[in-house]
Amino acid sequence: MIPEPHSPTHLPLSPARLPLSRRRLLQASAVGLAAAGAWSVLGGQSAFAADAYDTLRLRWQALLTGTGFDPAAQPFAGSLASLGDRARTQQAAMAPTAGSLWPDLPLGTVSANITSSYLRLRTMALAWAQPGTGSTADAALATAVTTGLDHLHAIAYTPTATNYNNWWDWQIGTPQALLDTCVLVQPLLTATQIANYCAAVDHSVPDSKVSSYTGTSTGANRVDLCRVLALRGVIGKSSAKLALASSSLSPVFPYVLTGDGLYPDGSFVQHTWVPYTGSYGEVLLGGLSKLFGLLAGSAWAVTDPQRQTVFDAVDAAYAPFLYNGLVMDSVSGRAISRGLQSSDALHLQQDDHGRGHTIIGHILRLADSGAAPAAQSAAWRAAVKGWIARDYYRPYLTDAAVDVPELARAQALVNDSATSAAPEPTGARVFAMDRAVVRRAGWAASLAMCSARTTFYETGNGENLRGWHTNNGLLAWWGSTFGNGQYADAFWPTVNPYRLPGTTVSTKPLADAAGGAWGAARPDNTWAGGACDGTYAAAGQAVRGLSSTLSGVKSWFLLDDTVVCLGAGISCTDGVPVETVVDNRNLGPTGQHALTVDGTAQPATLGWSQRFTGARWAAISGFGAYLFPGGASVNALREARTGSWHDINGGGTTEALTRRYLTLWVDHGTDPSGAGYSYLLMPGADAATAAARSAAPTVTVLANSASVQAVSDSASGVTAGNFFAAGTAGPITVSAPASVLVRESGGAMTVTVADPGRTASTVQVTVARSGYRTADPAAGVTVLTTGAAVTLLVELGGTQGASRTVTLRTTGTAPAPATATRLAPTQDAYVRDGSYGDTNYGTATTLTVKNTNSSGSGYSRRALLSFDTSGVGGTVRRAVLWVRGAVADSGGTQTSLQAFATTADSWTETAVTWNRSPAPTTALGTGAISTAADWVGLDVTAAVTTGGPVTLAVWQPLGAVGLAVNLNSRESAAFQPHLELITS
């Protein structure tokens, strides 16, 4: 990317985000030691480690240059020769003056020109250090590199420079390129030169840059800063810098519940609102894989046990979005618009395959680093081998954009007979970041939704100018042996941005970058997500339009060979047509793929269009088929569309590109009210399959309204519904909005429930199925009744939209029925210590809690809640105290809450104070809470009995400093605290 403007909330990450990405700037530069053994540019002097710092320097050099390959063999020979050509061109053009090192990169106002200047020196250093470049160990080239380093140190990146323009260049881009260059030419540098360069790095990247995990020092940015500190420690032989780099990675590892970072379910978010696994997440994984390998076994090794979250993320966060070597565009943000950059001398296109290859390289590097558990590393190697083997569209080993060290590592893996290629995994996933994926033996699909938690799209720095609707239900899919270039082949600059596949949009004209930069444009709806049992899923979204009055609901049911797509309640008053795009297939520059509708082949003439009334099915040869239950009015269009990468990205080339498209859509008319649609996508199906399935459907639409959308599928035994309000569809009844997926097979029934809107603490779900008697233990699910129907109480608060699943069976003896009772507090208040010890806060609409782990500070607060259980009969099986709120503390974003039993002292809401209140006694359940408002369920079973009053305290774990949390009180207008009792 073009580095972002300096801002505490908009965080550019790495050179891989420049219009000309780092791996393209440095293409062919990372070539390695000859297969015959270590190679050195120092003539008779062999490379060896004099001390621990030299050991690390040589490790980093190996990461830059690669090992174990023959530089005379392809593809290495061609890459090395290309590197040499570029280095000599840059060497010839270098002309040090008072204002620049290269005439086309003036210094003083554009910080990116400093980074670019150092990157050119890095390329020249690689050409000097590598074999087979035609400039290997060339004395004149060596002099040019050192001259350039000194010149930039004197006029640009100095120990006293005033930083201007973009912080990223000063703290990440420039120092990384400088330090890499120093590693490559270290034998040529004097102690004074090294000290000078280190001083410049220290000035722009002082230790304070990693003193707090905030602003521009989070996520992948933090990893990049630690890389700078670590290499500064290596080059300057500073143990303190290396220790700081290693320890400062720790804040990256814990899971987050809001904002930037890795989430427990595998989501990865950057820029607060943007699902970014494929772009910024790539930088995070790449940096960590290198740092883990660099520091392994040294005194500065990364030993934080929470680093395991990174290893687990390979399978949970990255692998679900990798398919046949590509990474799905739904998690690459504005990177989808980069394509061909005008500044790229190699003219290499950036796309889903290129980004996927980069991530695959990181995973293999991590597997080979020795940092991760052996079993995980072996599994990653097998997965990588499979991805490499299946990428027929752009084979990994012939991708000119893959750095030579990664090519060498991959070639060794391909040649390793002890590692078998793993097949693509199958299943489905729904993520907290409003994304879903389904993977089957012959195809895979991704779904991009948005909500108040995620952006409509991200633009910034002139990038992704027309990505307005990319997260409003875009359904992208690929076949195992077809369609893998669907989005890589100039799709984004040529597709109609108002007709992205799967989306429902107002055709109201939007300006480039409409809605604002850096994910500022977010809908107000909270309902996005769905229930998923790992094999099937029900995903849904309450739709809103960008700068539009559009509203409605959409659902996708992910089945065995079908995605069922429903829309309802579609309304808009923009004064323009509203459309749902069934699909928009990129046919390439010359494609004439046949369209068949209800058995009749349609013209392949460009410009052809037609409206089909009562269409039952359609099929596009070589891609797939679409079914329209009950018939539908469907529009079709063949067209050639021309655009350039510059149209959607200011750094893109202006070359005109033309691609042919076959588009199918439903026209809801101008200003529709309550419109809907229903269709089924069958990837890979041909016309005969479509006709047969249409004649003998397995899917029945049970409901398609603004309040509920539900289907049943006889082939899989799945019945599923997205309930946007309490209600019933088919056999399923819910007490509150929820997503429910039921699967019946062989005497067992699994029920999976989620709350995509994140508004409920618990939901009662009844499934009108008889004969089920027992249930397997399931966290957060209580079976209340079986018999004629199954009724469940499902605890969904605080799950971040994740699913709860229980399996019921027809065998065994049914347990006694249970009753769920929800009690409101009879009184609640919070109390505060120190000088506020006699102040009453009983009528406040919030309950503030914080443990300062000190006495009398005036900042410790705890909440008290009283409940009357006298009207509840039976024995308490489970008791959960539900409170809702959020962290409100400048000291951090995430903390814990804990419930406590209390002494039997009586108290009143309007009189209780810290000095006159029941004291907390037994510690009970805990829960996590963040700056995003949510429910927290605290298990208080041990302290609750029926038949009288009970007082519970909410505070934070003893012996630790917490953060201030504001919880809704019983005086709040909504989301009041309550006690949920299950008795029998």
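Definitions and limits used
Residues numbered from 1 in each chain as written. Predicted model: local features only at pLDDT ≥ 70, side-chain atom pairs only at ≥ 80, totals over all residues. Heavy atoms only, no water. Helix = DSSP H or I, 4+ residues; strand = E, 2+ residues; numbered from the N terminus. Rg over C-alpha atoms; globule rule 2.2 N^0.38 Å. Buried < 20%, exposed > 50% of the residue type's maximum accessible area, 1.4 Å probe, protein only. Areas by Shrake-Rupley, 256 points an atom, 1.4 Å probe, with all protein chains shown as cover. Lys, Arg positive; Asp, Glu negative; His and termini not counted. Charge placed at Lys NZ, Arg CZ, Asp CG, Glu CD. Contact = heavy atoms within 4.5 Å. Pairing = 2+ DSSP bridges. 1 Å grid on protein atoms, 1.4 Å probe; cavity = no way out; pocket = protein on both sides within 12 Å on 5 of 7 lines; lining within 4 Å. Points joined across faces, edges and corners; volume = space filled by probe spheres on them. Nonpolar A, V, L, I, M, F, W, Y, C, P; charged D, E, K, R; others polar. pLDDT = per-residue confidence, 0-100. Axes fitted to C-alpha atoms, helices over the stretch in contact; angles between N-to-C directions. Phe/Tyr/Trp six-rings, centres within 6.5 Å; stacked < 30°, edge-to-face > 60°. Lys NZ or Arg CZ within 6 Å of the ring centre and 35° of its normal. Parallel < 35°, antiparallel > 145°, perpendicular 65-115°, else oblique. Left-handed = near helix turned anticlockwise from the far one by under 90°. Salt bridge = Lys/Arg side-chain N within 4 Å of Asp/Glu carboxyl O. Polar contact = N/O pair within 3.5 Å; in protein donor to acceptor, adjacent residues only side chain to side chain.

A.B. asks: I would appreciate a short explanation of the overall build of the protein in the present structure.
C.D. replies: Along the backbone of the protein there are 17 helices and 44 strands. Taking 30 Å as the expected radius of gyration for a compact globule of 984 residues, we find that the protein reaches 30 Å, a close match to that expectation. Counting only C-alpha atoms, the protein reaches 90 × 80 × 55 Å along its principal axes. Here the protein holds 984 residues, and 61% of them are scored as buried. As displayed, the protein has an accessible area near 31700 Å², and 53% of this comes from carbon and sulfur atoms. Positive and negative charge centroids in the protein, built from 62 and 65 side chains respectively, lie 1 Å apart.

A.B. asks: Please clarify how the environment of Thr983 should be interpreted in this entry.
C.D. replies: Secondary-structure assignment places Thr983 in strand β44 (residues 978-983). On the accessibility criterion, Thr983 (5% relative accessible area) is buried. Apart from residues lying up to four places away in sequence, Thr983 is in contact with Ala818, Thr819, Val872, Gly873, Gly874, Thr875, Val876, Arg877 and Thr946.

A.B. asks: Quick question: what am I supposed to make of the pairing of strand β28 (residues 748-754) here?
C.D. replies: Looking along a regular strand, one sees side chains alternate from face to face of the sheet. The buried count for β28 comes to 7 of 7 residues, which makes it a mostly enclosed element. Residue alternation in β28 divides its side chains into two sets, Ala748, Thr750, Thr752 and Ala754 and Met749, Val751 and Val753, and both sets are buried. With 7 bridges joining them, strand β27 (residues 738-745) and β28 adopt antiparallel strand pairing. Directly across from Val742, in β28, lies its bridge partner Val751. In this structure, the hairpin formed by β27 and β28 is closed by a connection of 2 residues, where Gly746 is found at a positive phi of approximately 55°. Both β28 and strand β33 (residues 804-809) contribute to a ladder of 6 bridges, which runs antiparallel. When the sheet's bridge partners are listed, Met749 is paired in β33 with Leu808.

A.B. asks: For this particular structure, what's the right way to read the layout of surface pockets?
C.D. replies: To find leftover empty space, a probe the size of one water molecule is rolled over the atoms. Volume-wise, the largest pocket comes out at about 830 Å³. Lining the largest pocket are 46 residues; nearest its centre among them are Leu257, Arg758, Gly798, Gln800 and Asp934. Those elements that provide at least two residues to the lining of the largest pocket are β38 (876-887), β40 (920-930) and β41 (934-939). Tallying contributions element by element places β41 first for the lining of the largest pocket, with 6 residues.

A.B. asks: Can you walk me through empty space enclosed by the protein in this structure?
C.D. replies: By the definition in use, this model includes 8 cavities of 30 Å³ or more. Taken as a whole, the second largest cavity encloses approximately 180 Å³ of empty space. Lining the second largest cavity are 21 residues, with Asp329, Ser330, Ile336, Thr470 and Asn471 positioned closest to its centre. Listed by contribution, the elements that provide at least two residues to the lining of the second largest cavity are β3 (274-275), β8 (443-448) and β9 (474-479). In terms of residues, the lining of the second largest cavity owes the most to one element, β9, which gives 3 residues. Its residues placed into classes, the lining of the second largest cavity shows 10 nonpolar, 7 polar and 4 charged.

A.B. asks: Would you mind going over the confidence of the model for the protein with me for this structure?
C.D. replies: As a general rule, the predicted coordinates of low-pLDDT regions are not to be interpreted in detail. Summary statistics for the protein give a mean pLDDT of 93 and a share of 95% for residues scoring 70 or more. Segment residues 1-46: pLDDT under 50, and 192 contacts once partners within four positions in sequence are set aside and those in other chains are kept.

A.B. asks: Explain the sheet that holds strand β35 (residues 827-832) here, please?
C.D. replies: Neighbouring strands of a sheet are bound in pairs by backbone hydrogen bonds; such pairs are parallel or else antiparallel. In space, the 5 strands of this open sheet follow the order β35-β37-β42-β39-β40, with antiparallel pairing throughout. In the strand order of this sheet, the two ends are held by β35 and β40, each with one partner. Strand-to-strand, the axes of this sheet are offset by a mean angle of 25°, without reference to chain direction. Bridging between strand β39 (residues 894-902) and strand β42 (residues 949-955) involves 4 bridges; their strand directions are antiparallel. Bridge pairing in β42 links Gln898 to Trp955.

A.B. asks: Help me understand the pairing of strand β13 (residues 551-558), please; the structure alone is not making it clear to me.
C.D. replies: Buried residues dominate β13, accounting for 7 of its 8 residues. Between strand β12 (residues 537-544) and β13, which follow one another and run antiparallel, lie 6 residues, and Ser547 among them has a positive phi close to 50°. In this structure, β13 lies alongside strand β14 (residues 563-571), joined through 7 bridges in antiparallel fashion. By the bridge assignment, Val553 is partnered in β14 with Ala568. Count of turn residues in the β13/β14 antiparallel hairpin: 4 residues.

A.B. asks: When you look at the sheet that holds strand β1 (residues 261-262) in this model, what are you seeing that I'm missing?
C.D. replies: The strand order β1-β2-β3 describes an open sheet built from 3 strands, whose pairing is antiparallel. Each edge of the sheet is formed by a strand with only one pairing partner; in this case those strands are β1 and β3. Note that β1 and strand β2 (residues 268-270) share 2 bridges and pair antiparallel. Bridged to Leu262 within β2 is Phe268.

A.B. asks: Would you mind going over the packing of aromatic side chains with me for this structure?
C.D. replies: In this description, a pair of aromatic rings is defined by centroid distance and the angle of the planes. Evaluated as defined, the whole model comprises 22 aromatic pairs. A ring pair is formed by Tyr157 and Trp170, whose centres lie 5.9 Å apart and whose planes are at 25°; its orientation type is stacked. With Tyr157 in the loop between α5 (139-155) and α6 (167-185) and Trp170 in helix α6, the pair connects residues that are 13 residues apart, well separated along the chain. The class of Tyr157 is buried, set by a relative accessible area of 1%. Each ring, one from Trp477 and one from Phe482, has its centre 6.5 Å from the other, and the planes form 75°; the classification is edge-to-face. The same class applies to Trp477 and to Phe482, which are both buried. Connected via pairs of aromatic rings, a cluster forms that spans Trp478, Tyr487, Phe491, Trp492 and Tyr661. Taking the ring centre of Trp477 as reference, the NZ or CZ of Arg585 above it sits at 3.9 Å. Looking at Arg884, its charged tip hangs above the ring of Phe975, at a distance of 4.1 Å from the centre.

A.B. asks: What exactly am I supposed to notice about unusual backbone geometry here?
C.D. replies: Among all residues except glycine, the phi angle is most often negative; among peptide bonds, the trans geometry is most common. Along the chain, Gln74 connects to Pro75 via a cis peptide bond; the corresponding omega equals 5°. Along the chain, the position of Pro75 falls in the loop between α2 (52-65) and α3 (76-93). The residue Asn165 is not glycine, and still its phi comes out positive at about 70°. Checked against the element boundaries, Asn165 lands in the loop between α5 and α6.

A.B. asks: When you look at the packing of helix α10 (residues 280-295) against helix α11 (residues 308-318) in this model, what are you seeing that I'm missing?
C.D. replies: Two quantities define a packed helix pair, namely the angle between the axes and the distance from one axis to the other. The geometry of α10 relative to α11 is characterised by a closest axis approach of 12 Å and an angle of 150° between their N-to-C directions. In terms of orientation, α10 lies roughly antiparallel with respect to α11. α11 is crossed by α10, and the crossing has left-handed handedness. Note on element contacts: α11 touches α10 through Val310, Phe311, Val314 and Tyr318, opposite Gly281, Glu282, Leu284, Leu285, Leu288 and Phe292. Across the contact of α10 with α11, the residue classes break down as 8 nonpolar, 1 polar and 1 charged.

A.B. asks: Is there a simple way to explain the pattern of salt bridges in this structure?
C.D. replies: In a structure, side chains of opposite charge can pair up when their charged atoms sit close to one another. With the rule as written, the count across this model stands at 40 salt bridges. Across the pair Arg365 and Glu406 runs a salt bridge, and its minimum N-O distance is 2.9 Å. Placement of the pair is Arg365 in helix α12 (residues 352-368) and Glu406 in helix α14 (residues 404-414), with a sequence separation of 41 residues. Of the charged contacts in the structure, one is a salt bridge between Arg878 and Glu795, with a shortest N-O distance of 2.6 Å. Here Arg878 is found in strand β38, whereas its partner Glu795 is found in strand β32 (residues 790-795), with 83 residues between them in sequence. In this structure Arg878 comes out as partly exposed when scored by relative accessible area, which is 27%. Taken together, the shared-partner salt bridges connect Arg365, Asp368, Arg381, Glu406, Arg409 and Asp416 into one network.

A.B. asks: Just checking my understanding: could you explain the environment of Arg439 for this structure?
C.D. replies: When you line up the elements, Arg439 lands in strand β7 (residues 435-440). Taking C-alpha positions, Arg439 is 7.0 Å from Pro425, a pair spaced 14 residues apart along the chain. Look past the residues within four positions of Arg439 in its chain and what remains in contact with it is Ala319, Pro320, Phe321, Leu322, Tyr323, Met328, Glu424, Pro425, Thr426, Gly427 and Ala444. Looking at Arg439, its side chain comes within polar contact range of the main-chain oxygen of Pro320, at 2.8 Å. Looking at Arg439, its side chain comes within polar contact range of the side chain of Glu424, at 2.3 Å.

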